[in-house]
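Structure at a glance
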Amino acid sequence: MDFNVKKLASDAGVFFTRAVQFTEEKLGQAEKTELDPHLDNLISRGDSTKNWTEKILRQTEVLLQPNPSARIEEFIYDKLDKKLPSRTTNAELLGQHMLEAAADFGPETPYGSTLITVGEYQKRLGSAEREFLQTSAANFLCPLRNFLEGDWRTISYKNLTFFSRLLLLAAACPRVHLKAAPDFQETRPRNYVLSASASALLSEEVDKAEHELRVAQTEFDRQAEVTRLLLEGISSTHLNHLRCLQDFAEAQATYYAQCHHYMQDLQRELSRSANAVGAPHSSSAAAVGPPAATAAAAPGQKPGTLSMEQVQLPVTGARKAKVLYDYDAHDGSELSLLADELITVYTVPGLDPDWLVGERGNDKGKVPVTYLELLS
């Protein structure tokens, strides 16, 4: 083993010098070296970027995975560089339990058939959630984590080197001023005369101190330039995080739109199922005499749907409405919508309160109220 005592002593001396300078600056016994304002601002900006990125990353992880145990498991798999096994979402698990319950109670029973319907939609919701989690992890969490574990570690190492050079430079300056001070002659006794060897030694010490100062200044300037270039790259990091944030918001919007669409479909199916179950009672009531405001279903028409003959019934409360979201018609009785367009809407006797009849030119059909903003 090659053990260099001189190098060890030199490194220990450098470390001790930095430690003494740092301590004296903290205690106010030494004047703190002022940094270039631009570089000082870059350092502060870099520290803020690191701190806020850590907070945003942690809170996003909590949002996407509220279970602490699951987060720890994901962290371990990530550190081991292994692929995390696919995990069933809570909605998918609920849907599976509903389907199994329906098989036990009998899928032909009203309760069993409803369990099947709701269970299938719960599984769709769970599938959409899993896709959202995967997209968010890839497009948002990973870039933030890569910055903290990659780029920022490099910047931190260069910052540490930079401040070490700064401390050495600050420590070298007082030594030069002390050894080359013009009032040195006044600090010795009046009758004291330096010998030639002492004068030569003092001159040598001054030259050595000036050399150390020049070396410290050169190394500091070089390291300051490296640190400046790295910290100026924080601006490109912000742009990258901005794009990632936009991708995350888009993934959220897509996920919630899918959930809204699934729940609208589920409500329609449950409404049709409820009307189908209540059809015998409605028929018996019709034998006595149906209410005047209820529209009868056309022959061959499913209960709860609206035929075009019913659309021709007297209208009530016709008004303009602005479409908030795109909507694709599911059958011939519905009207497809485009976001931001204006249509005329009204209601007819027997129409579900969650729906209105919409008109666009010669096109006419049912439209969901939740997709509209009614105008006065």
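For every chain, the first residue of the written sequence is number 1, and numbering continues from 1 onward in sequence order. Whole-chain, interface and lining totals are the exception, using all residues; otherwise, since this is a predicted model, local features are given only for residues with pLDDT of at least 70 and side-chain atom pairs are given and counted only at 80 or more. Computation of side-chain values covers all heavy atoms of the structure but excludes hydrogens and water.

**A look at the side chain of H241**
Just so we agree on the cut-off: Each helix is a run of DSSP H or I of at least 4 residues and each strand a run of E of at least 2, with the numbering of both proceeding from the N terminus. Each residue is placed in one exposure class: buried if its accessible area under a 1.4 Å probe, protein chains only, is under 20% of its type's maximum, exposed if it is over 50%, and partly exposed if it falls in between. Contacts were defined at the residue level, with two residues in contact if any of their heavy atoms lie within 4.5 Å.
Following the sequence through the fold, H241 ends up in helix α7 (residues 234–277). Given a relative accessible area of 12%, H241 falls into the buried group. With residues up to four places along the chain from it excluded, the contact list for H241 reads T53, P143, L144 and F147.

**Considering the packing of aromatic side chains**
In plain terms, the rule: Two rings belonging to Phe, Tyr or Trp (six-membered ring only in the last case) form a pair when the distance between their centres is within 6.5 Å. Interplanar angles under 30 degrees mark stacking, angles over 60 mark edge-to-face geometry, and anything in between is tilted. Think of it as a cone above the ring: NZ of Lys or CZ of Arg counts as a charge over the ring if it is within 6 Å of the ring centre and within 35 degrees of the ring normal.
Counted under the stated rule, the structure contains 9 aromatic pairs. Between F105 and Y111, the aromatic rings sit 5.5 Å apart at their centres with planes inclined by 25 degrees, giving stacked as the arrangement. For F105, a relative accessible area of 47% translates into the label partly exposed. Judged by its relative accessible area of 53%, Y111 falls in the exposed class. Between the aromatic rings of F132 and Y255, the centroid separation amounts to 4.9 Å while the plane-to-plane angle is 5 degrees, which identifies the pairing as stacked. With F132 in helix α5 (residues 110–179) and Y255 in helix α7, this pair connects stretches of sequence that are 123 residues apart. For F132, a relative accessible area of 8% gives the class buried. Of the residues examined, Y255 reaches a relative accessible area of 14% and is grouped as buried. Ring pairs connect the aromatic residues F132, F140, F248, Y255 and Y256, which therefore count as one cluster. Just above the ring of W52 sits the side chain of K55; from NZ or CZ to the centre is 4.5 Å. The ring centre of W355 lies 4.8 Å from the NZ or CZ of K366, which sits over that ring.

**What about the pattern of salt bridges?**
When charged atoms on two side chains of opposite charge get close, those side chains can pair. Stated formally: A carboxyl oxygen of Asp or Glu within 4 Å of a side-chain nitrogen of Lys or Arg is what we treat as a salt bridge.
Applying the stated criterion across every chain yields a total of 10 salt bridges. Taking the shortest distance from any N to any O, the salt bridge between D265 and R268 comes out at 2.1 Å. Residue D265 and its partner R268 are both found in helix α7; the two are separated by 3 residues, about one turn of the helix. If you follow the salt bridges from partner to partner, you end up with E225, R228 and E232 in one network.

**Some thoughts on helix α4 (residues 90–105)**
Rules: A helix's residues, less one, multiplied by 1.5 Å, set its expected span. This arc corresponds to the set of directions leading from the helix axis out to the C-beta atoms.
Between the first and last C-alpha of α4 there are 22 Å, a value that for 16 residues agrees with the 22 Å anticipated at 1.5 Å per step. Taken together, the buried positions of α4 are occupied by A91, E92, G95, M98, L99 and A102. Down the axis of α4, the sector holding all buried residues measures 120 degrees, keeping them to one side. For α4, exposure combined with an orientation more than 90 degrees from the buried face picks out N90 and D104. Backbone geometry just after α4 places G106 at a positive phi near 110 degrees.

**Some remarks on unusual backbone geometry**
Across residues other than glycine, the phi torsion is negative in most instances, and most of the peptide bonds are trans. Here the phi dihedral of D340 falls at roughly 80 degrees; this positive angle occurs in a residue that is not glycine. With respect to the helices and strands, the residue D340 is situated in the loop between β1 (316–323) and β2 (342–347).

**Details of the environment of T89**
Worth spelling out the cut-off: Polar contact is defined as a pair of N or O atoms within 3.5 Å, subject to the rule that within protein one atom must be able to donate a hydrogen and the other to accept it, and that residues adjacent in sequence are counted only when both atoms are side-chain atoms.
Structurally, the position occupied by T89 is in the loop between α3 (68–79) and α4. The exposure class of T89 is buried, given its relative accessible area of 8%. Residues T89 and L125 lie 36 residues apart in sequence; the distance between their C-alpha atoms is 9.2 Å. Ignoring sequence-local partners within four residues, the contact set of T89 consists of G126, E129 and R130. Within the structure, T89 has its side chain in polar contact with the side chain of E92 (distance 3.1 Å).

**Things to note about helix α2 (residues 37–64)**
In this model, α2 (28 residues) spans 40 Å end to end at C-alpha, consistent with the 40 Å of a helix rising 1.5 Å per residue. Burial in α2 covers these residues: L39, L42, I43, G46, T49, T53, L57, T60 and L64.

**Comments concerning the nonpolar core**
What counts is decided by this rule: By nonpolar core we mean a set of buried residues, namely Ala, Val, Leu, Ile, Met, Phe, Trp, Tyr and Cys, connected to one another through side-chain atoms within 4.5 Å.
Ranked by size, the top nonpolar core spans 31 residues in total, and within it F132, F140 and L231 carry the most contacts. Where this core is concerned, the elements lending two or more residues are α2, α4, α5, α6 (196–232) and α7. The biggest single contributor to this core is α5, with 13 residues. Setting aside its immediate chain neighbours within four residues, F140 contacts I56, T60, T135, C244, L245 and F248. Residues I343, V348, L351 and V367 belong to the second largest nonpolar core, which totals 16 residues.

**A short note on the environment of M98**
With respect to the helices and strands, the residue M98 is situated in helix α4. Judged by its relative accessible area of 17%, M98 falls in the buried class. In this view, M98 contacts L115, V118, G119 and Q122; residues no more than four positions away in its chain are not counted.

**Quick look at the pairing of strand β4 (residues 363–368)**
Spelled out, the test is: By the convention used here, strands pair only if DSSP detects at least 2 bridges between them.
Direction of pairing for strand β3 (residues 355–360) relative to β4: antiparallel, over a ladder of 6 bridges. Within β4, the position partnered with W355 by the bridge is P368.

**Considering the confidence of the model for the protein**
Filter applied, for reference: Known as pLDDT, the predictor's per-residue confidence is scaled from 0 to 100.
Looking at the protein, the pLDDT average stands at 74 and 62% of residues meet or exceed 70. Confidence, expressed as mean pLDDT per element, reaches its minimum in the protein at helix α8 (residues 279–288) with 37 and its maximum at α4 with 94. Taken as a whole, residues 178–186 scores under 50 in pLDDT and shows 8 contacts with residues more than four places along the chain or in a different chain. This model gives residues 279–305 a pLDDT under 50, and the stretch forms 19 contacts once residues within four places in sequence are excluded.

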